[in-house]
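Architecture at a glance
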Amino acid sequence: MASIAPTLTRVPASEAAQAFAKLADMDPTGQQTPQGAARAGECFRIEGTRGLARCAVSFRDSTAWIHAAVGEGEGMTADALSIIEAQALVQGCRRVGFQTIRRGLVRRALRLGYRITSNVGTGFVLVKQIP
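Sequence order sets the numbering: in each chain, residues are counted from 1 along the sequence as written. Where totals are concerned, whole chains, interfaces and linings use all residues; where local detail is concerned, this predicted model gives features only for residues with pLDDT of at least 70, and gives and counts side-chain atom pairs only at 80 or more. For side-chain calculations, the full set of non-hydrogen atoms in the structure is used, while hydrogens and water are omitted.

Regarding the side chain of R54
- Looking at where R54 falls in the secondary structure, it is placed in strand β3 (residues 51-60).
- Definition of a polar contact: a pair of N or O atoms within 3.5 Å, with one able to donate and the other able to accept a hydrogen when the atoms are protein atoms, and with sequence-neighbouring residues admitted only if both atoms are side-chain atoms. There is a polar contact of 2.9 Å between the side chain of R54 and the side chain of E15.
- Contact partners of R54, with chain neighbours within four places excluded, come to E15, A16, A19, F20, F44, R45, A68, A69 and V70. Numbering goes from the N terminus for both helices and strands, where a helix is a DSSP run of H or I of at least four residues and a strand is a run of E of at least two. Contacts are assigned to residue pairs with any non-hydrogen atoms lying within 4.5 Å of each other.

So this is what it looks like as structure tokens:
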């Protein structure tokens with residue numbers, strides 16, 4: 001079956017926070033809560049043939065910052081980052097960034113053009129310049 005481009009839909013912070021509960025111990029600083037991450041940005045559901053993801057993103061100072069993201073499925077990292085990058089351009093952003101402790105996510109993001117810009121807590125900050 002051919003892959004269909006993922007769709008981006010706004011969702012309530014409560015839906016995102018419920019999904020982010022899976023990430024409770026994954027904040028590199030150990031301070032963010034699922035509810036706080038959901039309140040920090042606009043919350044979206046990304047759906048495609050590869051799976052489903054939810055994220056909270058703020059668009060400020062030319063940067064789209066991903067406060068939290070969680071997905072189910074195969075290949076959702078690339079799909080989710082691609083659609084967030086497109087949304088960032090619409091919002092006038094020139095960079096997309098996030099922090100994570102997940103080394104597998106770091107490896108996937110590096111392959112997609114992200115660069116480690118600093119360490120934070122037990123994890124990394126990754127940023128990608130977008131055209």
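After that view of the structure, there is still more to cover.
Details of the nonpolar core
- Nonpolar core, defined: a set of buried Ala, Val, Leu, Ile, Met, Phe, Trp, Tyr and Cys residues in which side-chain atoms within 4.5 Å join the residues together. Per-residue accessibility, obtained with a 1.4 Å probe over protein chains only, is compared with the maximum for each type, and a residue is labelled buried under 20%, exposed over 50%, and partly exposed between these values. Formed by 24 residues in total, the largest nonpolar core has its most connected members in I46, V57, I84, V96 and F98.
- Contributions of two or more residues to this core are made by β2 (42-48), β3, β4 (63-73), α3 (76-90), β5 (95-100), α4 (103-111) and β7 (123-129).
- Counting residues per element, this core draws most heavily on α3, at 6 residues.
- If you look at the next biggest cluster of nonpolar residues, it comprises 12 residues, including L23, A37, A38 and A68.

Some thoughts on the pairing of β5
- Whether two strands pair comes down to DSSP finding at least two bridges between them. In the sheet, β4 pairs with β5 via 4 bridges, with the strands oriented parallel. Across the sheet, residue I66 finds its bridge partner in β5, namely F98.
- Handedness of a crossover is defined as follows: orient the strands so they point away from the viewer, and if the path from the first strand over the helix to the second runs clockwise, the crossover is right-handed. Following the chain from β4 across α3 to the adjacent parallel β5, one finds a crossover that is right-handed.
- Pairing between β5 and β7: 6 bridges, direction antiparallel. Note that in β7 the partner of R95 across the bridge is Q129.

Details of the sheet that holds β5
- Taken in spatial order, the 7 strands make up an open sheet running β1-β2-β3-β4-β5-β7-β6, and their pairing is mixed. Whereas interior strands pair on both sides, the edge strands pair on one side only; in this sheet they are β1 (7-10) and β6 (115-120). Strand-to-strand twist of the sheet, defined as the mean angle between neighbouring strand axes without regard to direction, takes the value 30°. In this description, a line fitted to the C-alpha atoms serves as the axis of each element, helices being fitted only across the stretch in contact, and the angle between N-to-C directions of two axes falls anywhere from 0 to 180 degrees.

Notes on the pairing of β4
- The pairing of β3 with β4 spans 10 bridges and is antiparallel. Residue pairing for β4: R54 is matched across the bridge by V70.
- If you look at the hairpin formed by β3 and β4, you'll find 2 residues sitting between the two strands, and D61 has a positive phi there, around 50°.

Digging into α4
- Here α4 has its buried residues at G104, L105, V106 and A109.
- For α4, the secondary structure elements touched by its buried residues are α3, β5, β6 and β7.
- G113 sits one or two positions beyond α4 and adopts a positive phi of about 100°.

Observations concerning the pattern of salt bridges
- What makes a salt bridge here is a side-chain nitrogen of Lys or Arg within 4 Å of a carboxyl oxygen of Asp or Glu, nothing more. Tallied over the entire structure, the rule returns 7 salt bridges.
- Linking R10 and E42 is a salt bridge whose minimum nitrogen-to-oxygen distance equals 3.3 Å. With R10 in strand β1 and E42 in strand β2, the pair connects residues that are 32 residues apart, well separated along the chain.
- Judged by its relative accessible area of 25%, E42 is partly exposed.
- A salt bridge links E47 to R45; the shortest N-O distance between them is 3.2 Å.
- Members of the salt-bridge network, linked through shared partners, are E15, R45, E47 and R54.

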